[in-house]
Amino acid sequence: MIENIQKRLRGKLPFWKEMKPKLDSTLIVFHRNFSRKRFIHKCLPTHEPGSESIGHAYFSCGPPLLEGGRVWGVVVKATKWLLERQEHIQSNWNLHRMLGNTDEEIDGTDAEDEENGGCERYSKHFLRANDFITSGFMWALCHLVSLFADLLGAIENWCSGCRCHPRDLREYLGMKISDINCPLRLCRAPDLACGALDRFFTLISSTLVAQVRAAHATTLTAVEQGKIVDYFNFSKQYIYVELILRVERGWSALPLRALGMGNEDEEVAIDCLIGCLAQFEAMQLEDMTVFEWTLFARGGPGRGQVIAVVQGTHTFAEVPLVQRYRMISQFLPCMEASVERRHAQIHSSIRAAPCHTAAFTSVQGLRKAEILAELESGVEEASRFSGQGKKRS
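Bear in mind that the values here come from a model prediction, so they are computed numbers and not experimental data. Residue positions are given per chain, counting from 1 as you read along its sequence in written order. In keeping with the model being predicted, local features are shown solely for residues with a pLDDT of at least 70 and side-chain atom pairs are shown and tallied solely at 80 or more, while totals for entire chains, interfaces and linings include all residues. The basis for every side-chain value is the complete set of non-hydrogen atoms in the structure, without hydrogens or water.

## What to know about the overall build of the protein
Here's step 1: If you tally the helices and strands in the protein, you get 22 helices and zero strands.
Here's step 2: The buried label applies to any residue whose accessible area, calculated with a 1.4 Å probe on protein chains only, is under 20% of its type's maximum; exposed applies above 50%, and partly exposed to all values in between. When each of the 393 residues of the protein is scored for burial, the buried share is 40%.
Here's step 3: Throughout, a residue-residue contact means that at least one pair of heavy atoms, one from each residue, lies within 4.5 Å. Within the protein, contacts between residues separated by at least 24 positions form 71% of all contacts whose residues are at least 6 apart in sequence. Think of it this way: any DSSP run of H or I at least four residues long counts as a helix, any run of E at least two long counts as a strand, and we number them from the N terminus.

Structure follows, in structure tokens:
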């Protein structure tokens, strides 16, 4: 889910076309061995004559190149590299020294770059990099990219986490998501069904707005500050719409919304059941699943228990069927990776057996257990299924 949003976000950033050429040249300058060493020896100060530049360790390696800027992860890593060294770069960058021809040979200069023109070959990148480095507005845009990466990272961590180890606790203990060995990790179905992701996004984005306003209050003009805030709000709204379409829209309707009965707060779980009853009454018979019919249909085995819980005459612990579904929903994982892995297995089976149709392989891989259970339920069911297969053949 988050990966799909990341793929589309970069192309939707309203400032990307303005930022990309200058950012690309800046990354080239600090990525290439020749130009990075030239910056170290010609721009960075030394402690005393003949001593090694203070930037040797800090600029020992360069940032990744955009290579077209199609991968969001590369853009994030590149901007993070620049932001970590922003103070050194801004205070020591000197375009005249970078472009000037010197009689002294730079130690460690790449001979191949010298043979291919050296400074002349990199002059256009030096000029674009100068426009980027000397512009507070470009650094603010770089900061915006970092904030969006933090926002998407927080959402991904929320989806990968659990209710037992919230974000504040993890930060206090210095824990990473990968270090948590909790049975409820990734079991976010009840929270998603109750709109918790929407509330979490609103909370995180509101704190980022404050960071945007405070970070560049003194370095940008009022017009530039307004642009930065507008860019942030536009991109934030795009991320929110993507989340609504890809997540909230599915979890706010039956049958997924019924999983909200597993919420740890029983009042929230009851409110979710009330909404599910209202949605069920508006459903068409052909749209119902067995799960929905069992819990909400008139005459179904679970409707009476649901009504008893909603009306407050019984607790969840006193209604066994609803309590069973409540426990199942609390441990129901929402792992996008597992779904994708299953799809990959199905497609590999199709390629391995070209005589099998896609429909056959899909049924065999996804619904084999269900079909076997139906066949084992009785001779009559098996005979009926077999007779249908003969007629179609």
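Once you've had a look at it, read on.
## Points about the side chain of Ser25
Here's step 1: By secondary structure assignment, the location of Ser25 is in helix α2 (residues 16-31).
Here's step 2: Owing to a relative accessible area of 1%, Ser25 belongs among the buried residues under this scheme.
Here's step 3: Setting aside its immediate chain neighbours within four residues, Ser25 contacts His125, Arg128 and Ala129.

## Description of the confidence of the model for the protein
Here's step 1: The quantity known as pLDDT measures the predictor's confidence residue by residue, on a range of 0 to 100. Of the residues in the protein, 76% have a pLDDT of 70 or more, and the chain-wide mean is 80.
Here's step 2: Within the protein, the element-level pLDDT minimum falls on helix α8 (residues 111-115), averaging 47, and the maximum on helix α17 (residues 303-311), averaging 94.
Here's step 3: Here residues 102-113 scores under 50 on pLDDT; set against residues more than four positions off or in separate chains, the count is 19 contacts.
Here's step 4: The low-confidence segment residues 389-393, where pLDDT is below 50, has zero contacts with residues more than four positions distant or belonging to other chains.

## As for the packing of aromatic side chains
Here's step 1: Working definition: a ring pair exists when centres of Phe, Tyr or Trp rings (six-membered ring for Trp) sit within 6.5 Å. Plane angles under 30 degrees give stacked, over 60 give edge-to-face, the rest tilted. The final tally for this structure, using the stated rule, is 14 aromatic pairs.
Here's step 2: Taking the centre distance of 5.6 Å and the plane angle of 5 degrees together, the rings of Phe148 and Phe232 count as stacked. Here the residue Phe148 occupies a position in helix α10 (residues 136-160), and Phe232 occupies one in helix α14 (residues 222-251), the gap between them amounting to 84 residues.
Here's step 3: Judged by its relative accessible area of 1%, Phe232 falls in the buried class.
Here's step 4: Aromatic rings pair up to connect Phe30, Phe39, Phe59, Trp81 and Trp93 into one cluster.
Here's step 5: Sitting over the ring of Phe137, Lys227 keeps its end group 6.0 Å from the ring centre.
Here's step 6: Whether a charge lies above a ring is judged from NZ of Lys or CZ of Arg, which has to be within 6 Å of the ring centre and within 35 degrees of the ring normal. The ring of Tyr325 has Arg324 lying over it, and the distance from NZ or CZ to the ring centre is 5.8 Å.

## Considerations on the packing of α10 against α14
Here's step 1: Where α10 contacts α14, the two axes come as close as 11 Å, and the packing angle between them is 25 degrees. In this view, α10 runs roughly parallel relative to α14, as classed from their interaxial angle. Pair α10 / α14 crosses with right-handed handedness. Contacts between α10 and α14 involve Phe137, Ala140, Leu141, Leu144, Phe148, Leu151, Leu152 and Ile155 from the former and Glu224, Lys227, Ile228, Tyr231, Phe232, Ser235, Lys236, Ile239 and Leu243 from the latter. Every axis corresponds to a line fitted to the C-alpha atoms, with the helix fit spanning only the stretch in contact, and the corresponding angles, defined between N-to-C directions, vary from 0 to 180 degrees. Reported orientations rely on four angle classes, namely roughly parallel under 35 degrees, roughly antiparallel over 145, roughly perpendicular from 65 to 115, and oblique for the rest. Throughout, a crossing is termed right-handed when the near helix is turned clockwise from the far one, and left-handed when it is turned anticlockwise from it by less than a right angle.

## Overview of the nonpolar core
Here's step 1: By nonpolar core we mean a set of buried residues, namely Ala, Val, Leu, Ile, Met, Phe, Trp, Tyr and Cys, connected to one another through side-chain atoms within 4.5 Å. With 73 residues, the main nonpolar core has Phe15, Phe30, Trp72, Trp93, Leu141, Leu144 and Phe148 as its most contacted residues.
Here's step 2: In contact with Phe15, not counting residues within four places along its chain, are Leu141, Leu144, Val145, Phe148 and Tyr231.
Here's step 3: In terms of nonpolar packing, the next biggest core, distinct from the first, is built from 21 residues, Met283, Phe296, Val309 and Val322 among them.

## A closer look at helix α18 (residues 320-330)
Here's step 1: Within the sequence span of α18, burial applies to Val322, Tyr325, Arg326, Ser329 and Gln330. Here the buried residues of α18 occupy an arc of 140 degrees about the axis, which is enough to place them on one side.
Here's step 2: Considering only its buried residues, α18 is in contact with α12 (189-193), α15 (266-281), α16 (290-296) and α17. Here, the arc refers to the directions that run from the helix axis to the C-beta atoms.

## Details of the packing of α2 against helix α3 (residues 33-42)
Here's step 1: Between α2 and α3, whose axes approach to 5 Å, the crossing angle comes to 80 degrees. Between α2 and α3, the angle is such that the two are roughly perpendicular. Across the interface between the two elements, Ile28, Val29, Phe30 and His31 of α2 pack against Asn33, Ser35, Arg36 and Phe39 of α3.
Here's step 2: Taken together, the residues that form the contact of α2 with α3 break down as four nonpolar, three polar and one charged. Gly counts as polar in this scheme, as do all residues outside two lists: the nonpolar Ala, Val, Leu, Ile, Met, Phe, Trp, Tyr, Cys and Pro, and the charged Asp, Glu, Lys and Arg.

## Some words on unusual backbone geometry
Here's step 1: A cis amide bond links Leu254 to the next residue, Pro255, at an omega of 5 degrees.
Here's step 2: Following the sequence through the fold, Pro255 ends up in the loop between α14 and α15.

## Considerations on a nonpolar patch on the surface
Here's step 1: Each patch is built from residues that are more than 30% exposed by relative accessible area and take part in no salt bridge. Like charges join if they lie within 9 Å; nonpolar side chains (Val, Leu, Ile, Met, Phe, Trp, Tyr) join within 5 Å. The method behind every accessible area is Shrake-Rupley, applied with a 1.4 Å probe, and residues are considered shielded solely by the protein chains displayed. Salt bridges are counted wherever a side-chain nitrogen of Lys or Arg sits within 4 Å of a carboxyl oxygen of Asp or Glu. On the surface, Leu169, Tyr172 and Leu173 cluster together to form a nonpolar patch covering roughly 350 Å² of accessible area.
Here's step 2: Assessed through its relative accessible area of 72%, Tyr172 is described here as exposed.

## Things to note about the pattern of salt bridges
Here's step 1: A complete count under the given rule lists six salt bridges for this structure.
Here's step 2: Between Asp191 and Arg188 there is a salt bridge, with its nearest N and O atoms 3.0 Å apart.
Here's step 3: Bridged by salt links that share partners, the residues Arg163, Arg188, Asp191 and Glu264 form one connected network.

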